[in-house]
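Per-entry structural report
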Amino acid sequence: YDSVFDSHVSQSDLYQEVSPSLLNSFLEGYNATVMAYGQTGSGKTYTMGSEASHSDKDDGTVANSGGLLPRFMADIFDKLAEKKMKSDMLCSNKNKNENTNEEKKDDNGGKST
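Only a predicted model underlies this, so the values are computations on that prediction, with no experimental measurement involved. (Residues numbered from 1 in each chain as written. Predicted model: local features only at pLDDT ≥ 70, side-chain atom pairs only at ≥ 80, totals over all residues. Heavy atoms only, no water.)

A word on the overall build of the chain
Counting its regular elements, the chain contains 4 helices and 0 strands. Out of the 113 residues belonging to the chain, those deemed buried represent 18%. Within the structure as shown, the chain displays about 8900 Å² of accessible surface, and the carbon and sulfur contribution to it stands at 50%. (Helix = DSSP H or I, 4+ residues; strand = E, 2+ residues; numbered from the N terminus. Buried < 20%, exposed > 50% of the residue type's maximum accessible area, 1.4 Å probe, protein only. Areas by Shrake-Rupley, 256 points an atom, 1.4 Å probe, with all protein chains shown as cover.)

The following block contains the structure:
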């Protein structure tokens, strides 16, 4: 096992402990697994995420009682949106540079400066 937690850890603290390396690895294309093990009634289903269906907020954030899976999903989509925005900005800057270079060619009688 990588980690063991007692019954007093909050959903948020648990997620903050296990998520960074798993989330980054997953976004780099590796498989990521979280396994909950314990006796019947020990809170495995609650910890993994069944509570989310009853407590999701309308703004897309996961409530304090939300489990690991809803938190991972929210972060995955947030990170993918960030990557897309960065990619769009890079493409936009590249297009602006190409347009500027074309304008320079036109100003110099078709010769690049």
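Once you've had a look at it, read on.
A few points about the layout of surface pockets
In this approach a probe as big as a water molecule rolls over the atoms, and the regions it shows empty are the leftover space. Approximately 990 Å³ is the volume found for the largest pocket. A per-element tally of the lining of the largest pocket places helix α1 (residues 11-27) first, with 6 residues. Here the lining of the largest pocket is composed, by residue class, of 14 nonpolar, 10 polar and 4 charged. Here the second largest pocket defines a volume of roughly 170 Å³. If you go around the second largest pocket, the residues you meet are Leu22, Leu23, Phe26, Ala32, Thr33, Val34, Leu69, Phe72, Met73 and Ile76. (1 Å grid on protein atoms, 1.4 Å probe; cavity = no way out; pocket = protein on both sides within 12 Å on 5 of 7 lines; lining within 4 Å. Points joined across faces, edges and corners; volume = space filled by probe spheres on them. Nonpolar A, V, L, I, M, F, W, Y, C, P; charged D, E, K, R; others polar.)

Side note on the environment of Leu22
Its place among the elements puts Leu22 in helix α1. Among residues more than four places away in sequence, those in contact with Leu22 are Ala32, Thr33, Val34 and Phe72. (Contact = heavy atoms within 4.5 Å.)

Quick notes on the side chain of Gln11
Following the sequence through the fold, Gln11 ends up in helix α1. A distance of 3.1 Å separates a polar atom in the side chain of Gln11 from the backbone oxygen of Tyr46. (Polar contact = N/O pair within 3.5 Å; in protein donor to acceptor, adjacent residues only side chain to side chain.)

Some remarks on the environment of Tyr46
As for its position among the elements, Tyr46 is in helix α2 (residues 44-48). Overall, Tyr46 belongs to the partly exposed group, its relative accessible area being 39%.

Some remarks on the nonpolar core
Formed by Leu14, Tyr15, Val18, Leu23, Leu27, Met48, Leu68, Phe72 and Ile76, the largest nonpolar core amounts to 9 residues. Elements supplying a minimum of two residues to this core: α1 and α4 (68-107). Among the elements that make up this core, the one with the highest residue count is α1 (5 residues). Setting aside residues up to four positions removed in sequence, Val18 forms contacts with Phe5, Leu68 and Phe72. (Core = buried A, V, L, I, M, F, W, Y, C linked by side-chain atoms within 4.5 Å.)

Comments concerning the confidence of the model for the chain
The predicted coordinates of low-pLDDT regions are not to be read in fine detail. Across the chain, the average pLDDT comes to 75, with 64% of residues at 70 or higher. Across the chain, the secondary-structure element scoring lowest on mean pLDDT is helix α3 (residues 52-55), at 48, and the one scoring highest is α1, at 88. (pLDDT = per-residue confidence, 0-100.)

Brief notes about a nonpolar patch on the surface
Taken together, the side chains of Met73, Phe77 and Leu80 make up a nonpolar region of the molecular surface, amounting to roughly 310 Å² of accessible area. Tracing the backbone shows Phe77 in helix α4. Owing to a relative accessible area of 54%, Phe77 belongs among the exposed residues under this scheme. (Patch = residues over 30% accessible without salt bridge, like charges linked within 9 Å, V, L, I, M, F, W, Y side chains within 5 Å. Salt bridge = Lys/Arg side-chain N within 4 Å of Asp/Glu carboxyl O.)

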